[in-house]
Structure formats: structure tokens, C-alpha cells
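This is what each chain is made of:
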Amino acid sequence: MIGRLRGELAGLEGSVALVDCAGVGYEVSVADHVAMALPREGESVTLLVRQIVREDGSSLYGFLVPFQRRMFDLLLEVKGCGPKVAMALLGQLGENAVASAILSQDAKMLARASGVGARLAERILLELKGKVAQESLIQKIEASSPRSTAADPELVDALLALGYRRVEAEDAAAKASGSDLEARLRDALQLLRK
């Protein structure tokens, strides 16, 4: 699966960005606010990507920050909310407004996006409230804490998967030592237990 594309922005038609990576052009669907934030044609671009494979083909959806992609993934978990509806929600309302609407149980706000009716909006609220609360907390922590350049991203991800908070994980990962990931993980876990 494709998780990230780094290359040159070869073009942008509506909500489809063409990213040239070593001579191969990838068409990536992006939300409107993502399209507006992209660099000029010919400049370097990095997109986080979610690849959706279906019987009729494969599609790529692009995001600028991890929170956008995580919200997209959460929306896809809801029955009746496919990639196009999820992109409509994120593109027309923005990921922060979608998260806020879910947390405040505002079905009318979600129903403003094209393709989202009252029933789907209620289903989204019901199924995602707890998950979005966790994501919003992670988003606030990521936004408020400076990233440690010394922290190993793989080690941080492993600690996050074990249930540690991002601030704790990054701090422990920056201090951990070892010759490989497994050794650094053991060291980080010992630091976190102190």
C-alpha cells in the first residue's frame, strides 16, 4: 500500500493533484483546502496518502498532516460513508470542524456536506464520538508540543501503539539507546516505568 508520496507537483485539476515521483505520475484526490495549500506547479510536494483498492480500480487520497488522514480513516469505518463522502466532509467542513461536530453531537453541521443525510450524520456521531475524542486529544498534544528531532519515529509509533501518550513516547524515544529498534524499545519502556 502507498502511504506517502514525495515528488514534484506536476499539475492540479480541481481536486486531483498529479504528483511526479521519479518519472511516474500519481493522481491523488485531495480536499479543497488541501489543494489550496499545495505549492506551485513544478515545486516539491509531500502528501500523506491513503490507497483505497476496489473491484473497479485503485484510488489515492492525499493529506498534508496526519490528523487529516486519521479523520479520513475514522470516517471510512462508518457504514455508508465511503471515500467520496469522507472527502466531502473534510473538504467542505475541514477536519477540525468535523471533529468538533462529532464531539458536540451536531448532526446538522455534518449534514451540510454533500452526500451526508440526517441518518448518516447520526450514525457518524454515534459510532465515532469516543474515537474522535482520542484523536482530538492527540491532535492537541501534537500541536502544543515541539517535535523532538532526536526521537526515532518508528520507536515513537511503537510506544503510541502500546498506549503511551505522544509526549511521553517522544521523550522516552529521544532518551532511549540501543543498537536496533527492539533494544531501543526495551530501553524506552524501562524509562517510562520509572
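A short tour of the structure in this document, coming up.

Cut-offs used in this document
Residues numbered from 1 in each chain as written. Predicted model: local features only at pLDDT ≥ 70, side-chain atom pairs only at ≥ 80, totals over all residues. Heavy atoms only, no water. Axes fitted to C-alpha atoms, helices over the stretch in contact; angles between N-to-C directions. Helix = DSSP H or I, 4+ residues; strand = E, 2+ residues; numbered from the N terminus. Parallel < 35°, antiparallel > 145°, perpendicular 65-115°, else oblique. Left-handed = near helix turned anticlockwise from the far one by under 90°. Contact = heavy atoms within 4.5 Å. Nonpolar A, V, L, I, M, F, W, Y, C, P; charged D, E, K, R; others polar. Expected span 1.5 Å × (residues − 1). Buried < 20%, exposed > 50% of the residue type's maximum accessible area, 1.4 Å probe, protein only. Phe/Tyr/Trp six-rings, centres within 6.5 Å; stacked < 30°, edge-to-face > 60°. Pairing = 2+ DSSP bridges.

Overview of the packing of helix H2 (residues 66-76) against helix H4 (residues 95-103)
And then number 1: Put simply, H2 and H4 touch, their axes get as near as 10 Å, and they point 50° apart. Between H2 and H4, the interaxial angle falls into the category oblique. Every pair of crossing elements has a handedness; the one defined by H2 and H4 is left-handed. When H2 is examined against H4, the residues Phe67, Gln68, Met71 and Leu75 are found in contact with a partner set consisting of Glu95, Asn96, Val98, Ala99 and Ile102.
And then number 2: Within the contact of H2 with H4, the residues separate by chemical class into six nonpolar, two polar and one charged.

Quick word on helix H9 (residues 181-193)
And then number 1: Taking 1.5 Å of rise per residue, 13 residues should cover 18 Å, and H9 covers 18 Å from first to last C-alpha, within 8% of that figure.
And then number 2: Those residues of H9 that fall on the buried side of the exposure criterion are Ala183, Arg184, Asp187, Ala188 and Leu189.
And then number 3: Contacts from the buried residues of H9 go to helix H7 (153-161) and helix H8 (166-175).

Some words on the packing of aromatic side chains
And then number 1: Under the defined criterion, the tally for this structure stands at two aromatic pairs.
And then number 2: Ring plane angle 35° and centroid distance 5.3 Å describe the contact between Tyr61 and Phe72, whose orientation is recorded as tilted. Note that Tyr61 is positioned in strand S5 (residues 57-63) and Phe72 in helix H2, a separation of 11 residues in sequence.
And then number 3: Consider the rings of Phe63 and Phe72, whose centres lie 5.1 Å apart with planes at 50°: the pair is tilted.
And then number 4: Assessed through its relative accessible area of 2%, Phe63 is described here as buried.
And then number 5: For Phe72, a relative accessible area of 0% puts it in the buried group.
And then number 6: Members of the aromatic cluster, connected to one another through ring pairs, are Tyr61, Phe63 and Phe72.

Observations concerning the sheet that holds strand S1 (residues 4-13)
And then number 1: With mixed pairing, the five strands of this closed barrel are ordered in space as S1-S2-S3-S5-S4. Each strand of the sheet is rotated relative to its neighbour by a mean of 55°, with strand direction disregarded.
And then number 2: Where H2 meets the sheet, it contacts strand S4 (44-54) and S5, and its direction lies at approximately 10° from that of S4.
And then number 3: Contacts between helix H3 (residues 83-93) and the sheet are confined to strand S3 (24-30), S4 and S5, with S5 contributing the most and set at about 15° to the helix.

Regarding the environment of Leu5
And then number 1: Note on placement: Leu5 falls in strand S1.
And then number 2: Judged by relative accessible area, which is 5%, Leu5 ranks as buried.
And then number 3: Expressed as a C-alpha distance, the spacing of Leu5 and Ala88, which sit 83 residues apart in the sequence, is 22 Å.
And then number 4: Ignoring sequence-local partners within four residues, the contact set of Leu5 consists of Val19, Cys21, Tyr26, Val28, Val45, Thr46, Leu47, Val49 and Leu60.

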